[in-house]
Amino acid sequence: MKNILIIGTAGQIGSELTMRLRSIYGNNNVIAGFRKTMPSQDVLESGPKEMVDATMPERIVEVVKKYNIDTIYNLAALLSAVAEERPQAAWNVGVNGVYNVLEVAREHGCAVFFPSSIGAFGPSTPLDDTPQDTIQRPNTMYGVTKVAGELLSDYYFKRFGVDTRGLRYPGIISNVTLPGGGTTDYAVEIFYEAIKNKKFTCPLPAGTFLDMMYMPDALDAAINLMEADPAKLKHRNAFNVSAMSFDPEIIAAEVKKHIPDFVMDYDVSAAKKAIADTWPNNMDDSAARAEWGWDPKYKLPEMAGDMLKVIGEKHAKGLI
Ligand code: AKB
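As the structure is a prediction and not an experimental result, all values here were calculated from the model.

## Focus on the overall build of the protein chain
The helix and strand inventory of the protein chain stands at twelve helices and 14 strands. For the protein chain, the C-alpha radius of gyration of 19 Å lies close to 20 Å, the compact-globule estimate for 320 residues. In terms of principal-axis extent, the alpha carbons of the protein chain reach across some 55 × 45 × 35 Å. When burial is assessed residue by residue, the protein chain has 55% of its 320 residues classed as buried. Total accessible area on the protein chain is roughly 13300 Å²; 52% of this is exposed by carbon and sulfur atoms. The average position of the 33 basic charges and that of the 40 acidic charges among the side chains of the protein chain differ by 4 Å.

Quick look at the structure:
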């Protein structure tokens, strides 16, 4: 029986991962950790919740002991654009917080999931077919924290035998909880604006290709990796995973197929462009496919069709 603690359940991934893990392992076996922002009603009503801050190790220990936790999903982080505005806070959550979780896991025998990102790469990385093992010299604080988290996770496995596993997520597209402060957020916002206003102003320029993934695949990736046979994992941490790669023109054309009078213009954010220009155009995720069977289900057309359907229904009900 697994007893799971998720740190960061109010966030984009945490809100949906909590519900998915509860449906698999049982509502009472998945503890929703939150900090300042309360999780969604679904999360609050379906199982236990606890205030857990990754930067407060004593609080993590209390919750781990109270629920006999054996697995921690540590999703606490400041996303890339906001991390550039608040680098000290990004370091505290993204490095000190990761260290705290790993130390608690070492002392209490927990497995740990760590979400790294395409942000762990940088301008000197090969940006096409970015290999699993390659140059990582990011020039953003977000990237620095992600590389540190990858290395710490490897270290805790090799030095202490902590069962650490992790993924390099691309931009995640979803329709339950909005992302906040990311460089790839535009690929979510475009759907909300298309449904509400039939127009969207894009903060990244045409030609900016980035890896992306729909939320159901992102949840499968985390769960399948944590369930994978450890004997088959050569990398364990920081697997490249991708499902699609597009630029703003391509996603706008896909939206137009459903909403013919949709229009997009540009008001490029220099800060976001500077970050996106250093991230892969498309990653090679063959290690994840070979070592634990990564096989995403959603490409751009299926993802866009589902996003517009779900967000359209929410709009019709007056929920957005
Ligand atoms: C961001 O844009 O900061 C995130 C990410 C790709 O890690 N969505």
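Past the structure itself, the notes keep going.
## Details of the pattern of salt bridges
Applying the stated rule across the entire model yields 16 salt bridges. The residue R165 makes a salt bridge to D163 at a minimum N-O spacing of 2.8 Å. D163 sits in the partly exposed class, given a relative accessible area of 27%. Among the ionic pairs, D285 bridges to R289, the shortest N-O distance being 2.9 Å.

## What to know about the domain arrangement of the protein chain
Looking at the protein chain, the domain boundaries give domain 1 (4-170 + 215-240) and domain 2 (172-211 + 243-280 + 297-316). Here domain 1 and domain 2 have C-alpha centroids that lie 25 Å from each other. On the side of domain 2, 25 residues touch domain 1, which itself brings 28 residues to the contact. Between domain 1 and domain 2 lies a buried interface of about 2100 Å² when both sides are counted; carbon and sulfur atoms form 63% of it. Together, Q12, I118 and P170 form the three largest contributors to the area buried by domain 1 at its contact with domain 2, with a combined 29%. Put simply, D220 and K297 hold a salt bridge, and the shortest N to O gap is 3.7 Å. Along the contact surface separating domain 1 from domain 2 lie ten residue pairs in polar contact (both at pLDDT 80 or more). Broken down by secondary-structure element, the contributors of at least two residues to the side of domain 1 that touches domain 2 are helix 1 (12-25), helix 4 (80-85) and helix 8 (215-227). Considering each element in turn, the side of domain 1 that touches domain 2 owes the most residues, five residues, to helix 8.

## Remarks on the sheet that holds strand 10 (residues 210-214)
Within the open sheet, the three strands sit side by side as 8-10-12. Their pairing is mixed. Each of the sheet's edge strands pairs with one partner strand only, and the pair in question is strand 8 (171-173) and strand 12 (244-246). On average, adjacent strands in this sheet sit at an angle of 40° to one another, irrespective of strand direction. Across three bridges, the pairing between strand 10 and strand 12 is antiparallel. Bridging across to strand 12, D211 finds its partner in S245. Packed on one face of the sheet, helix 7 (residues 186-197) meets strand 8, strand 10 and strand 12 and runs near 25° to strand 8.

## A closer look at the nonpolar core
Y73, L167, Y169, I173, F191, F246 and W292 are the most contacted members of the largest nonpolar core, which has 94 residues in total. Residue contributions to this core reach at least three from each of two domains, namely domain 1 (4-170 + 215-240) and domain 2 (172-211 + 243-280 + 297-316). Excluding its chain neighbours within four sequence positions, the residues that come into contact with F246 are I173, Y186, A187, T208, F209, L210, M212, I251, L300 and M303.

## Section: the packing of aromatic side chains
Here a ring pair, both rings aromatic, is described through the centre-centre distance and the interplanar angle of the planes. Applying the stated rule across the entire model yields nine aromatic pairs. A ring pair is formed by F239 and W292, whose centres lie 5.8 Å apart and whose planes are at 80°; its orientation type is edge-to-face. Residue F239 is located in strand 11 (residues 239-240), and its partner W292 is located in helix 11 (residues 286-292); the two are separated by 53 residues in the primary sequence. Just as F239 is buried, W292 falls in that class too. Three or more aromatic residues joined by ring pairs make a cluster, and in this case those are Y73, F113 and Y169. Sitting over the face of the ring of F160, R106 holds its NZ or CZ atom 5.1 Å from the ring centroid. Stacked on the ring of F157, the Lys or Arg R236 has its end atom at 3.9 Å from the ring centre.

Rules used throughout
Sequence order as written defines residue numbering, which begins from 1 separately in each chain. A pLDDT threshold of at least 70 governs which residues receive local features in this predicted model, and a stricter bar of 80 or more applies before side-chain atom pairs are shown or counted, although totals over entire chains, interfaces and linings include all residues. The side-chain quantities take in all heavy atoms of the structure and omit both hydrogens and water. Working definition: helices are DSSP H or I runs of at least four residues, strands are E runs of at least two. Numbering for both runs from the N terminus. Radius of gyration here uses only the C-alpha atoms, and the compact-globule reference equals 2.2 Å multiplied by the residue count raised to the power 0.38. Remark: exposure states derive from per-residue accessible area (1.4 Å probe, protein chains only) relative to the maximum for the residue type, with buried under 20%, exposed over 50%, and partly exposed in between. Exposure was quantified through the Shrake-Rupley algorithm and a 1.4 Å probe, taking into account, for residues, occlusion by the shown protein chains and nothing else. In this charge count, Lys and Arg are treated as positive and Asp and Glu as negative; neither His nor the chain ends contribute. By convention, charge coordinates are those of NZ in Lys, CZ in Arg, CG in Asp, or CD in Glu. For salt bridges, the criterion is a side-chain nitrogen of Lys or Arg within 4 Å of an Asp or Glu carboxyl oxygen. As used throughout, domain bounds are those supplied by an automatic or database domain assignment. Any two residues having at least one pair of non-hydrogen atoms within 4.5 Å are treated as being in contact. Throughout, the accessible surface (probe 1.4 Å) given up by two parts as they are put together, summed over both, is called the buried area. As used in this structure description, the phrase polar contact means that two N or O atoms lie within 3.5 Å; if the pair is within protein, one of them must be able to donate a hydrogen and the other to accept it, and residues adjacent in sequence are counted only when both atoms belong to side chains. Strands are treated as partners if at least two bridges between them are detected by DSSP. Axis lines are fitted through C-alpha atoms, for helices just across the contact stretch, and the angle between N-to-C directions can take any value from 0 to 180 degrees. Buried Ala, Val, Leu, Ile, Met, Phe, Trp, Tyr and Cys residues form a nonpolar core when they are joined through side-chain atoms within 4.5 Å. Only Phe, Tyr and Trp rings take part, Trp by its six-membered ring, and two of them pair if their centres are within 6.5 Å. Stacked means planes under 30 degrees apart, edge-to-face means over 60, and tilted covers everything else. In this scheme, the term charge over a ring applies when either NZ of a lysine or CZ of an arginine sits within 6 Å of the ring centre and within 35 degrees of the ring normal.

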